[in-house]
Amino acid sequence: NSFSRWIDYWLQKLRPLIPSFLKNSEQLIDDLNAIGELPPGALLFKADAQSMYTNIDTEHALLVINQWLDELSDQVKLPPGFPLLPLKQALEIVMRNNIVKFNDKYARQISGTAMGKPPAPCWANIFEGLHEKSFLPKWRSFLPLYKRFIDDVQAAWYPPAGMEHEEAEASWLDFKA
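Predicted model only: the values in this text are computed from it and were never measured.

## Digging into the packing of helix α3 (residues 58–74) against helix α5 (residues 120–132)
Running from N to C, α3 and α5 point in directions that differ by 75°, and their axes come no closer than 10 Å. One finds that α3 runs roughly perpendicular with respect to α5. Residues Thr58, His60, Ala61, Leu62, Val64, Ile65 and Trp68 of α3 form the contact with α5, whose participating residues are Trp123, Ile126, Phe127 and Leu130. In terms of residue class, the contact of α3 with α5 is made up of nine nonpolar, two polar and no charged.

## What about the pairing of strand β3 (residues 105–108)?
The pairing of strand β2 (residues 99–102) with β3 spans four bridges and is classified as antiparallel. Directly across from Ile99, in β3, lies its bridge partner Arg108. The antiparallel hairpin formed by β2 and β3 contains two residues in its connecting segment, where Asn103 sits at a positive phi of about 55°.

## Focus: the sheet that holds strand β1 (residues 43–48)
The three strands lie next to each other as β1-β5-β4, forming an open sheet whose pairing is antiparallel. With one partner strand each, in any of the chains shown, β1 and β4 (145–149) form the two edges of the open sheet. In this sheet, adjacent strand axes meet at a mean angle of 15° when their direction is disregarded. Direction of pairing for β1 relative to strand β5 (residues 152–157): antiparallel, over a ladder of six bridges. Bridge pairing in β5 places Lys46 opposite Gln154.

## A word on the confidence of the model for the chain
With 100% of its residues at a pLDDT of at least 70, the chain reaches an overall mean of 90. Mean pLDDT values for the elements of the chain range from 82 in β2 up to 95 in α3.

## A short note on the pattern of salt bridges
A side chain with one charge can pair with a side chain of the opposite charge if their charged atoms come near. Tallied over the entire structure, the rule returns five salt bridges. One salt bridge in this structure joins Arg148 and Glu132, with 2.6 Å as the shortest N-O distance. Pair noted here: Arg148 is in strand β4 and Glu132 is in helix α5, with a separation of 16 residues, a long-range link. Exposure remark for Arg148: the relative accessible area of 2% places this residue in the buried category. Looking at Glu132, the relative accessible area reads 3%, which means it is buried.

Calculation rules
Residues numbered from 1 in each chain as written. Predicted model: local features only at pLDDT ≥ 70, side-chain atom pairs only at ≥ 80, totals over all residues. Heavy atoms only, no water. Axes fitted to C-alpha atoms, helices over the stretch in contact; angles between N-to-C directions. Helix = DSSP H or I, 4+ residues; strand = E, 2+ residues; numbered from the N terminus. Parallel < 35°, antiparallel > 145°, perpendicular 65-115°, else oblique. Contact = heavy atoms within 4.5 Å. Nonpolar A, V, L, I, M, F, W, Y, C, P; charged D, E, K, R; others polar. Pairing = 2+ DSSP bridges. pLDDT = per-residue confidence, 0-100. Salt bridge = Lys/Arg side-chain N within 4 Å of Asp/Glu carboxyl O. Buried < 20%, exposed > 50% of the residue type's maximum accessible area, 1.4 Å probe, protein only.

What follows is the structure, given as structure tokens:
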């Protein structure tokens, strides 16, 4: 509906503010070229979130995204004319009231993200980007590249120079966990 498309329009403007944001495959190629030749032992890897949409708790996501929007507003990082309060109110209405049809029955979705709604991909992308803030700083020195398009991660991993092989292997296993 129009309401959902309006939300998506404004969320799309915020996606580039997520550090792992990947616009398209051309950007990925540019980013790979920018890091240059990888040293021996480096890994290029992909990751794909399993059941990402259905595992995003709506209430938690609303809290996290609303806090982030407030931080952006405080830091004057929102685009000019950005409708902060209406967007936050609209997100609550749309994400808490998704109606699904199965056969001839209608039901209100009570958990997870509404996959069929226009703002869902961007909402999920932003939510995951905010989640990454909790673990990526620990691994920054190992990740010269970490980009994500919704639930697909493309990254390069290599241990810092001088790290012993055993420690590097243990770090890789810890990161994967």
